[in-house]
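As a plain string of letters, each chain reads:
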Amino acid sequence: MTATGVGSWPGEDVREALRVVRGELAGALPEGVVGLPYLPELPARGPGADMVGRAAHLLVDLPVDLQPQGWRLVDRPGRDHELTASLWRQDLDELAEAFDGYAGPLKVQVTGPWTLAASVWLPLGDRVLSDPGATRDLVGSLAEGVAQHVAAVRRLVPGAEVVLQLDEPMISLVALGRVRSESGYRVLRTPEGGEIVAALREVLGGAGADRTAVHTCASTPPAAMLAQAGAGALSLDLAQLDGATWEEVAAAFEAGTDLWAGILPTGAGAGSATRGAAYPQVVDPLVTRWHELGLEPATLERVTVTPACGLAGSTPTGARETTAATVVAAARLLEVARA
């Protein structure tokens with residue numbers, strides 16, 4: 001049984017965030033529970049620390065700059081590019097120090113190709129998603145950049161088993177054709193399912209990570225499509241799943257794709273809400289659903305427990321408490337699996 005976080009973290013002190021994450025997820029844990037620590041993302045630091053800006057900086061030969069609409073492809077890197085590079089260097093330097101001598105799983109998060117294509121703007125035009133050729137270029141560039149990033153993390157923490165998580169909060173909107181143009185009067189093109197799967201597969205498969213996952217907090221995510229892309233795990237906010245999506249998740253799970261179950265509440269006050277709580281209230285709904293789907297209780301041991309979404313909207317104390325709560329919830333779920 002594993003416990004981890006989604007990725008985002010409150011505040012601006014990445015050193016402190018890493019200290020807490022390593023302490024809660026790579027320290028002394030209950031028997032049978034494995035922690036998956038990660039490099040936290042701190043969007044409160046401003047432009048370049050946001051998930052789109054961080055991922056866009058990894059693009060190879062596709063520089064970006066921050067414009068009034070958002071991040072836009074440009075001819076040459078500018079000030080915002082350098083600011084983002086500085087934040088990345090700080091994060092990786094602190095990661096190397098915090099995890100010096102560490103051996104075990106270590107997760108990094110990167111915005112996935114479809115959320116990036118739906119968020120980054122063309123030099124002259126709408127979002128990258130609107131242009132099939134530009135989308136293909138972005139996917140290839142991101143795949144190359146993510147591979148370089150994974151390799152850099154492996155060099156900095158030689159004992160790490162690097163786990164790559166692609167964040168796709170906009171995947172449902174993209175798949176359903178609900179991303180609107182700049183004017184708002186029309187929707188951008190809807191990629192075919194095969195194109196969506198191929199792009200995800202290109203980034204996941206070329207990263208060189210030891211394990212992979214795709215995360216989304218979106219409602220009714222295309223779980224079957226994400227599994228077809230070759231993700232080792234689906235990381236989902238379980239409160240967003242309807243019956244049909246649960247059936248897709250169950251089929252993927254039985255075919256070998258693990259589930260990272262977002263069951264801990266997030267946001268302001270979430271930590272205090274879970275501190276000392278009756279953990280059955282977050283664990284039992286998953287156990288009940290497992291039974292309804294006809295899955296064996298013992299297979300719950302393959303489930304990873306996470307918060308429902310990122311913790312950037314929490315307080316530093318709340319984020320620490322929620323992270324600790326994932327470990328306790330994982331231990332409770334392990335008891336059910338082994339009963």
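Residues numbered from 1 in each chain as written. Predicted model: local features only at pLDDT ≥ 70, side-chain atom pairs only at ≥ 80, totals over all residues. Heavy atoms only, no water.

Caption draft 1: Summary view of helix H3 (residues 79-98). With 20 residues, H3 should cover 28 Å at 1.5 Å per step; its first-to-last C-alpha distance of 29 Å lies within 8% of that length. Buried residues of H3: Asp80, His81, Thr84, Ala85, Leu87, Trp88, Asp91, Leu92, Glu94, Leu95 and Ala96, and no others. Those residues of H3 hidden inside the fold are in contact with helix H1 (14-25), helix H2 (51-58), strand S3 (64-67), strand S4 (70-73), strand S5 (104-111) and helix H5 (132-156). (Helix = DSSP H or I, 4+ residues; strand = E, 2+ residues; numbered from the N terminus. Expected span 1.5 Å × (residues − 1). Buried < 20%, exposed > 50% of the residue type's maximum accessible area, 1.4 Å probe, protein only. Contact = heavy atoms within 4.5 Å.)

Caption draft 2: Quick look at the packing of H2 against H3. The contact between H2 and H3 brings their axes to 10 Å, and the two run at 95 degrees. Compared by their axis directions, H2 and H3 come out roughly perpendicular. The residues of H3 that touch H2, namely those facing Gly53, Arg54, His57 and Leu58, are His81, Thr84, Ala85, Trp88 and Asp91. (Axes fitted to C-alpha atoms, helices over the stretch in contact; angles between N-to-C directions. Parallel < 35°, antiparallel > 145°, perpendicular 65-115°, else oblique.)

Caption draft 3: Fine view of the state of the cysteines. Throughout the structure, instances matching the rule amount to one disulfide. A disulfide bridge connects Cys217 with Cys309, and the sulfur atoms are separated by 2.0 Å. Residues Cys217 and Cys309 share a disulfide whose torsion about the S-S bond is about 115 degrees; that sign makes it right-handed. With Cys217 in the loop between strand S7 (211-216) and helix H8 (223-228) and Cys309 in the loop between strand S10 (304-307) and helix H12 (316-337), this pair connects stretches of sequence that are 92 residues apart. For Cys309, a relative accessible area of 27% gives the class partly exposed. (Disulfide = S-S within 2.5 Å.)

These values are about where atoms sit, not about what they do.
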